[in-house]
Amino acid sequence: MYGVLLIVVLIITGGAIAFIGDRLGTKVGKKKLSIFGLRPRHTSIIVTIFTGVCITTLTFGVMAATSKNVRTALFGMEKLNQRMQTTQNNLNQVSADLAAAQQEQEAANAALEQSHKEIADLQEQQKSLEEESRQLQEGNRLLELAKQELMQRNDVLAADNDKLGQQNDMLLSANDSLTSRNAELSGRNETLTADNKTLEQRTEALRNGLITIREGDIIFRAGEVIASGVIRGNRPAAEVEADMQALAQLASRNVSARLGQDVSDKDVWIYKPEFESAVQTIAKSPQDMVVRVVAAGNLVRGEEVRASLQLYKNSVIYQDKEFIIARAYQLKGSSGEAEQTVMSFLKEVNIAASGKGILQDPIRGSVGVMDGAQFYDIVNDLAGRRGTVVLSAYARGNTDALGPLRLNIKAEQLPDQP
């Protein structure tokens, strides 16, 4: 509104000055006045020019007097441009600082997320270590109880030994006729002394076992497979023995990998008569044999690796794409139901394959392997389904008794019964 009023005032003022200048020029022309000795015509032109100058001057004067913006545009434009440039530079700097701060914030968020993951992993490790510590403490408690019991028995036997010694002295001083009885008691004393020594040895063994449990770690559990392979039968014993030696070398490499240090073939100890008997059995067998090298007991780091051999007849249990089993499941579409269903079906497959002759893992009891991508594909396929679904298992590739059994699983939705 202020700008409109200013324009109106300027128009009226310019019109008035123009009118006055026109009238003045007309009068000057009519009266033929002369200024500075000029001709009347030139004088009229000068009056007209002066009138235009007055219009312009008065226009700028009124605008400058009534508007701060006009004064700024006429006299402060350069300073205004400098302030605008400074403001723009400050804005660019602030934008750059903001972008850098956002990048730093993103990096800090990534580092924080990584820290959270590391903290979660450390918490899981702490739980695992606490569970192992609890088990070791329980074993320690049981061994301490056994040790105390043995020490009590040792004290009782020592007391009996002292009593027998006293009785022996009394019998020797009382009557020489009891010499035979004295000899019998002396023999009993020797027996008790031997038992005492035996108990002391057992106590020492228990003490060493306690130290092993506290300070040692088990690298292979009793019955765990160290190495396995299929060796062809019905061949000369020398060839079979060479294959058995190769299997023993594989066992040494597996032990080395588990320990994280080199272990020679001689460090994996197999009872020689058992080894030779296995060679003869395979050489005489009309079919191939599955040979497993298993831990003879719990193998603690630093001890000798004692192993035994297990022989099984080998044959192809499942042909490629051969049907194994099928089971029907009633799904309700609840959370976690799909994964539980697949796990239950895999247990059924494990039982069926074991019953048909595929060797189980002695520790886990499993006979097959299934990659994570395939597992989650079938779980995702079942997720959200409702009604009766039939899961079918087929062998993926020819599978012999040694295994492992690889699977292809198919899911089929049955129509609902009316």
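Because the structure is a prediction, the values reported are computed rather than measured.

**Student:** Talk me through the overall build of the chain; I want residue IDs and the actual numbers.
**Tutor:** When helices and strands are tallied, the chain shows nine helices and twelve strands. Buried residues in the chain amount to 26% of all 418 residues. Long-range contacts, defined here as pairs at least 24 residues apart, represent 71% of the contacts in the chain between residues at least 6 apart. Carbon and sulfur atoms make up 54% of the accessible area of the chain, which amounts to about 28,100 Å² in all.

**Student:** Tell me about the confidence of the model for the chain, residues and numbers included.
**Tutor:** Scored by pLDDT, the chain comes out at a mean of 77, with 80% of its residues at no less than 70. Put simply, helix H5 (residues 179-215) is where the chain has its lowest mean pLDDT, 65, and strand E10 (residues 387-395) is where it has its highest, 86. Contacts of residues 210-215 to residues separated by more than four positions or lying in other chains number nine contacts, the stretch itself having pLDDT below 50.

**Student:** How would you summarise helix H8 (residues 337-356) if you had to cite specific residues and measurements?
**Tutor:** With 20 residues, H8 should cover 28 Å at 1.5 Å per step; its first-to-last C-alpha distance of 29 Å lies within 8% of that length. Listed as buried for H8 are Glu 337, Ala 338, Thr 341, Val 342, Phe 345, Val 349, Asn 350, Ala 353 and Ser 354. Phi for Gly 357, located one or two positions after H8, is positive at around 125°.

**Student:** Talk me through the side chain of Thr 341; I want residue IDs and the actual numbers.
**Tutor:** Mapped onto the secondary structure, Thr 341 falls in helix H8. A relative accessible area of 9% means that Thr 341 is categorised as buried. Residue contacts for Thr 341: discarding those within four places in its chain leaves Tyr 329, Leu 331, Leu 382 and Leu 391.

**Student:** A description of the nonpolar core should follow, citing residues and the corresponding values.
**Tutor:** If you look at the biggest cluster of nonpolar residues, it comprises 26 residues, and the most contacted ones within it are Ile 226, Met 244 and Leu 309. If you tally residues by element for this core, the top one is helix H6 (residues 237-259), at six residues. Residue contacts for Ile 226: discarding those within four places in its chain leaves Phe 220, Ala 251, Asn 254, Val 255, Val 293, Val 294, Ala 295, Leu 299, Val 305 and Ala 307. By size, the runner-up hydrophobic cluster in this structure holds 25 residues, among which are Ala 353, Leu 382, Ala 393 and Ala 395.

**Student:** Can you lay out helix H7 (residues 272-284) for me, pointing to particular residues and giving the numbers?
**Tutor:** With 13 residues, H7 should cover 18 Å at 1.5 Å per step; its first-to-last C-alpha distance of 19 Å lies within 8% of that length. Restricting attention to buried positions, one finds in H7 the residues Phe 275, Ala 278, Val 279, Ile 282 and Ala 283. The buried residues of H7 occupy one face: seen down the axis, they fall within an arc of 130°. In this structure, the buried side of H7 is in contact with strand E2 (225-231), H6, strand E3 (268-270), strand E4 (289-295) and strand E6 (305-313).

**Student:** Hey, could you go over the sheet that holds E2 for me, with residue numbers and the actual values?
**Tutor:** Reading across from one edge, E2-E4-E6-E3 is the order of the four strands in this open sheet, with mixed pairing throughout. Strands with a single pairing partner mark the edges of an open sheet, and in this sheet they are E2 and E3. Looking at each pair of strands side by side, their axes are set apart by 30° on average, direction ignored. Bridge count between E3 and E6: three bridges; the pairing is parallel. Within the sheet, the bridge partner assigned to Ile 270 lies in E6 and is Ala 307. Those strands touched by H6 are E2, E3, E4 and E6, and its axis lies near 155° from that of E2. Packed on one face of the sheet, H7 meets E2, E3, E4 and E6 and runs near 20° to E6.

**Student:** Now, about the packing of H8 against helix H9 (residues 372-382): what can you tell me, with residues and values included?
**Tutor:** Axes are the key here: two packed helices are described by the angle between their axes and the distance separating the axes. Where H8 meets H9, the axes come as close as 8 Å, and the angle between the chain directions of the two elements is 125°. In terms of orientation, H8 and H9 fall into the oblique class. Judged by the sense of rotation from one axis to the other, the crossing of H8 with H9 is right-handed. For the pair H8 and H9, contact is made by Ala 338, Glu 339, Thr 341, Val 342, Met 343 and Leu 346 and by Phe 375, Ile 378, Val 379 and Leu 382, respectively. Per-class residue counts for the contact of H8 with H9 are eight nonpolar, one polar and one charged.

**Student:** How would you summarise the environment of Ala 401 if you had to cite specific residues and measurements?
**Tutor:** Along the polypeptide, Ala 401 turns up in the loop between strand E11 (399-400) and strand E12 (405-413). The exposure class of Ala 401 is buried, given its relative accessible area of 2%. On a C-alpha basis, the gap between Ala 401 and Val 290 in space is 7.4 Å, while along the polypeptide they are 111 residues apart.

**Student:** Could you give me a rundown of unusual backbone geometry, with the residues and numbers involved?
**Tutor:** What is expected of a backbone is that most residues other than glycine have negative phi and most peptide bonds are trans. One non-glycine residue with positive phi stands out, namely Asn 234, at about 55°. A relative accessible area of 57% places Asn 234 in the exposed class. Phi angles above zero are rare outside glycine, and Lys 321 is one such case at about 70°. With respect to the helices, strands and loops of the structure, Lys 321 is situated in the loop between strand E7 (316-318) and strand E8 (323-331).

**Student:** Account for a nonpolar patch on the surface, naming residues and giving values.
**Tutor:** Residues Ile 45, Ile 49 and Val 53 make up a contiguous nonpolar surface patch of about 260 Å² in total accessible area. Overall, Val 53 belongs to the partly exposed group, its relative accessible area being 45%.

**Student:** Break down the pattern of salt bridges for me, citing the residues and quoting the values.
**Tutor:** Scanning all chains against the criterion turns up five salt bridges. Arg 134 serves as the salt-bridge partner of Glu 131, at 2.6 Å between the closest nitrogen and oxygen. Placement of the pair is Glu 131 and Arg 134 together in helix H4 (residues 77-174), with a separation of three residues, close to one helical turn. On the accessibility criterion, Glu 131 (35% relative accessible area) is partly exposed. Where Arg 327 meets Glu 348, a salt bridge forms, and the shortest distance between an N and an O atom there is 3.6 Å. Here Arg 327 is found in strand E8, whereas its partner Glu 348 is found in helix H8, with 21 residues between them in sequence. According to the relative accessible area criterion, Glu 348 is partly exposed, its value standing at 29%. It is possible to trace a salt-bridge network through shared partners that takes in Arg 235, Glu 239 and Asp 243.

Reading the values: rules and limits
Residues numbered from 1 in each chain as written. Predicted model: local features only at pLDDT ≥ 70, side-chain atom pairs only at ≥ 80, totals over all residues. Heavy atoms only, no water. Helix = DSSP H or I, 4+ residues; strand = E, 2+ residues; numbered from the N terminus. Buried < 20%, exposed > 50% of the residue type's maximum accessible area, 1.4 Å probe, protein only. Contact = heavy atoms within 4.5 Å. Areas by Shrake-Rupley, 256 points an atom, 1.4 Å probe, with all protein chains shown as cover. pLDDT = per-residue confidence, 0-100. Expected span 1.5 Å × (residues − 1). Core = buried A, V, L, I, M, F, W, Y, C linked by side-chain atoms within 4.5 Å. Arc of directions from axis to C-beta. Pairing = 2+ DSSP bridges. Axes fitted to C-alpha atoms, helices over the stretch in contact; angles between N-to-C directions. Parallel < 35°, antiparallel > 145°, perpendicular 65-115°, else oblique. Left-handed = near helix turned anticlockwise from the far one by under 90°. Nonpolar A, V, L, I, M, F, W, Y, C, P; charged D, E, K, R; others polar. Patch = residues over 30% accessible without salt bridge, like charges linked within 9 Å, V, L, I, M, F, W, Y side chains within 5 Å. Salt bridge = Lys/Arg side-chain N within 4 Å of Asp/Glu carboxyl O.

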